[in-house]
Amino acid sequence: MHYFEYKGGELHAEGVSLSRLAREVGTPFYVYSHRTLVRHFRVFDEAFASVPHLVCFAMKSNSNIAILRLFAGMGGGLDIVSGGELFRGLKAGVPADRVVFAGVGKSDEEIAYALEQGVLMFNVESEEELANVDAVAGRLGKRARVAVRVNPDVDPATHPYISTGMKKSKFGIDIAKARAQYKTAAALPHLDACGVHCHIGSQITQSSPFVEAVEKVAALVRALRADGHGIRYLNLGGGLGITYRDEAPPLPCDYAAAILPGVRDLGCTLLFEPGRVIVGNAGVLVTRVLYAKSKEEKRFVIIDAGMNDLIRPALYESYQEARPVEEAAALRPKHKTDLVGPVCESGDYLAKDRLLPEYRRGDLVAIMSAGAYGFAMSSNYNSRPRPPEVLVRGDEYHVIRRRESYDDLILGESIPAFIAEGGR
Ligand code: LLP
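Note that this is a predicted model, so its numbers are computed, not measured. (Residues numbered from 1 in each chain as written. Predicted model: local features only at pLDDT ≥ 70, side-chain atom pairs only at ≥ 80, totals over all residues. Heavy atoms only, no water.)

**Observations regarding the overall build of the protein**
Point 1. Of the regular secondary structure elements, the protein holds 13 helices and 21 strands.
Point 2. Here the protein has a C-alpha radius of gyration of 23 Å; the compact-globule value for 424 residues is 22 Å, and the two agree.
Point 3. The C-alpha extent of the protein, read off along each of the three principal axes, is 70 × 65 × 40 Å.
Point 4. Counting over 424 residues, the protein shows a buried share of 55%.
Point 5. For the protein, the share of sequence-separated contacts (at least 6 apart) that also reach a separation of at least 24 residues comes to 70%.
Point 6. Surface summary for the protein: the accessible area is close to 18300 Å², and the carbon and sulfur share equals 50%.
Point 7. In the protein, the 51 positive side-chain charges and the 52 negative ones have mean positions that sit 1 Å from each other. (Helix = DSSP H or I, 4+ residues; strand = E, 2+ residues; numbered from the N terminus. Rg over C-alpha atoms; globule rule 2.2 N^0.38 Å. Buried < 20%, exposed > 50% of the residue type's maximum accessible area, 1.4 Å probe, protein only. Contact = heavy atoms within 4.5 Å. Areas by Shrake-Rupley, 256 points an atom, 1.4 Å probe, with all protein chains shown as cover. Lys, Arg positive; Asp, Glu negative; His and termini not counted. Charge placed at Lys NZ, Arg CZ, Asp CG, Glu CD.)

Written out as structure tokens, the structure reads:
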């Protein structure tokens, strides 16, 4: 469900035509629909209205401060994975006590920063990390709330790069060893082991892996309580998938109906870390066709957005739907097409071997479902300034991140005097 629709023959974001945006902000650009963002956050949040809960938006999927502030205003918190994300979240105005800090490799500086700011809790991924969080907290005279991230060994049936809950993955602690970890944690003076965390992967399109994981962690919570640990929070991570092509993932209300029976009676505050399901279909990347050429039965359409702007197809062979901004273009003859960017890499494509209408120089193409892990994973590879991000609300739009300039590209770089003077 989203608010990118054809109106009067042109693809619009809510009430603003994408061709108008292209004229006014240039291409390529990311555009988000405010109404879609609000709707997705609300639908997820309301699915859990019957239990105490906090939706900690996984800001790795989209870290623009305007979007973070929007969700904070709706009562949301954040799932962060770095000091930089904490900084962004605080700048956006998200209260620190609604922030959970996850990630396999938190540095001492990051742990100290998060403790000083007063985050809600750390999701801890190893025994060494438990000891280290305790040590840093001790130095600062603080007590750190922690949840151990347990790995329930469930196959989420998704892309291997985004499966995290199986034994062979680097994430979390084997659930069978979790009770021993809590015993260790309880003996550390500066820790309050008040939660259990679990996240099994991303772009999960069925309820069953979630249900399987929830059963295992609920049993663990009961065992930990029997061992005398005061578990008050259960963090079930993120991972709910979206429709990129023809997937039919459970709706948030179906997901809630599937998992709540297994956890309701625990009386824990439930934490969730959704990213993609909130923002994925709320954003598109708009790009213009630079050139087209035909080679060996295939048409190469060269667009002005590349893998540096949206890396998902190159990295995961992911499918992102491409739609012409001008509706009538869809009626043109179709050709087997690669939609490729200007970057000097063969992997630089946004669509491959796809039957697409005959795109021509100057056409605008909307790459759909680009709101999650789109701009957030963009880079300056090939010294390409990153595109702007635009937020549409009704018939108004706001540039929430300007296009980078050439000067931005060299920000922070310097030439040592011996090189500047011609030395070697
Ligand atoms: N919580 C944890 C601990 C995570 O590792 C992740 C995602 C999330 C929450 C949010 O998952 P989501 O609800 O968005 O599925 N770059 C990849 C996805 C990587 C996901 C990493 N972890 C992609 O573009 O598909």
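**Regarding the site of the ligand**
Point 1. Taken together, 18 residues lie near the ligand, and Ser202, Glu273, Arg312, Tyr316 and Tyr373 sit nearest.
Point 2. Residue aspartate 79 places a side-chain N or O atom 3.4 Å away from a nitrogen atom belonging to the ligand.
Point 3. Within the contact set of the ligand, an oxygen atom lies 2.4 Å away from a side-chain nitrogen or oxygen of serine 202.
Point 4. Contact with the protein chains removes 92% of the 590 Å² of surface that the ligand exposes when unbound.
Point 5. Class assignment of the residues belonging to the shell around the ligand gives a composition of six nonpolar, six polar and six charged.
Point 6. Of the domains in this structure, domain 1 (4–31 + 280–409) and domain 2 (34–276) are the two that each give at least three residues to the shell around the ligand. (Near = heavy atom within 4 Å. Polar contact = N/O pair within 3.5 Å; in protein donor to acceptor, adjacent residues only side chain to side chain. Nonpolar A, V, L, I, M, F, W, Y, C, P; charged D, E, K, R; others polar. Domains from an automatic or database assignment.)

**Topic: empty space enclosed by the protein**
Over the atoms a probe the size of a water molecule is rolled, and this reveals where empty space is left.
Point 1. A full pass over the atoms with the stated rule returns one cavity of 30 Å³ or more.
Point 2. If you add up the space inside the largest cavity, you get close to 80 Å³.
Point 3. Lining the largest cavity, in full, are Cys198, His199, Ile200, Phe210, Ala213, Val214, Val217, Leu236, Gly238, Tyr255 and Ile259.
Point 4. Of all the elements in the fold, those that place two or more residues in the lining of the largest cavity are α8 (208–226) and α9 (252–263).
Point 5. Top contributing element to the lining of the largest cavity by residue count: α8, with four residues.
Point 6. Taken together, the residues that form the lining of the largest cavity break down as nine nonpolar, two polar and no charged. (1 Å grid on protein atoms, 1.4 Å probe; cavity = no way out; pocket = protein on both sides within 12 Å on 5 of 7 lines; lining within 4 Å. Points joined across faces, edges and corners; volume = space filled by probe spheres on them.)

**Looking at the layout of surface pockets**
Point 1. Space inside the second largest pocket adds up to approximately 470 Å³.
Point 2. Together, 22 residues line the second largest pocket, and Met1, His40, Thr243, Leu251 and Asn281 are the ones closest to its centre.
Point 3. Elements with a contribution of two residues or more to the lining of the second largest pocket: α2 (34–47) and α9.
Point 4. For the lining of the second largest pocket, a count of residues per class yields twelve nonpolar, six polar and four charged.
Point 5. Of the residues that make up the lining of the second largest pocket, three or more belong to each of domain 1 (4–31 + 280–409) and domain 2 (34–276).

**What about the sheet that holds strand β1 (residues 4–7)?**
Point 1. One open sheet holds the three strands; their spatial order is β1-β2-β3, and the pairing between them is antiparallel. Each having just a single partner strand, β1 and β3 (16–17) make up the two edges of the open sheet.
Point 2. As judged from the four bridges shared by β1 and strand β2 (residues 10–13), these two strands associate in the antiparallel manner. Each bridged residue has a counterpart across the sheet, and for lysine 7 the counterpart in β2 is glutamate 10. (Pairing = 2+ DSSP bridges.)

**Quick notes on the state of the cysteines**
Point 1. As enumerated under the stated definition, the model contains zero disulfides in all.
Point 2. Here cysteine 268 is not disulfide-linked; the sulfur of cysteine 194 is the nearest cysteine sulfur, at 9.9 Å.
Point 3. Owing to a relative accessible area of 6%, cysteine 268 belongs among the buried residues under this scheme. (Disulfide = S-S within 2.5 Å.)

**Considerations on the pairing of strand β19 (residues 364–367)**
Point 1. By the alternation rule, side chains of β19 split into Leu364 and Ala366 and Val365 and Ile367, which are all buried.
Point 2. As paired strands, strand β14 (residues 283–295) and β19 are joined by four bridges and run antiparallel to one another. In the sheet register, arginine 288 faces β19, and the bridge partner there is leucine 364.
Point 3. As judged from the three bridges shared by strand β16 (residues 322–324) and β19, these two strands associate in the antiparallel manner.

**Concerning the packing of aromatic side chains**
Point 1. Applying the stated criterion across every chain, the model contains twelve aromatic pairs.
Point 2. Consider the rings of tyrosine 30 and phenylalanine 375, whose centres lie 6.0 Å apart with planes at 85 degrees: the pair is edge-to-face. Of this pair, tyrosine 30 sits in strand β4 (residues 29–33) while phenylalanine 375 sits in the loop between β19 and β20 (389–393); the two residues are 345 residues apart in sequence, bridging distant segments of the chain.
Point 3. The rings of Phe44, Phe48, Phe210, Tyr255 and Phe272 are connected pair by pair, giving a single aromatic cluster. (Phe/Tyr/Trp six-rings, centres within 6.5 Å; stacked < 30°, edge-to-face > 60°.)

**A short note on a nonpolar patch on the surface**
Point 1. A cluster of nonpolar residues, Ile415, Phe418 and Ile419, forms a patch on the protein surface that exposes about 320 Å² of accessible area.
Point 2. For phenylalanine 418, a relative accessible area of 46% gives the class partly exposed. (Patch = residues over 30% accessible without salt bridge, like charges linked within 9 Å, V, L, I, M, F, W, Y side chains within 5 Å. Salt bridge = Lys/Arg side-chain N within 4 Å of Asp/Glu carboxyl O.)

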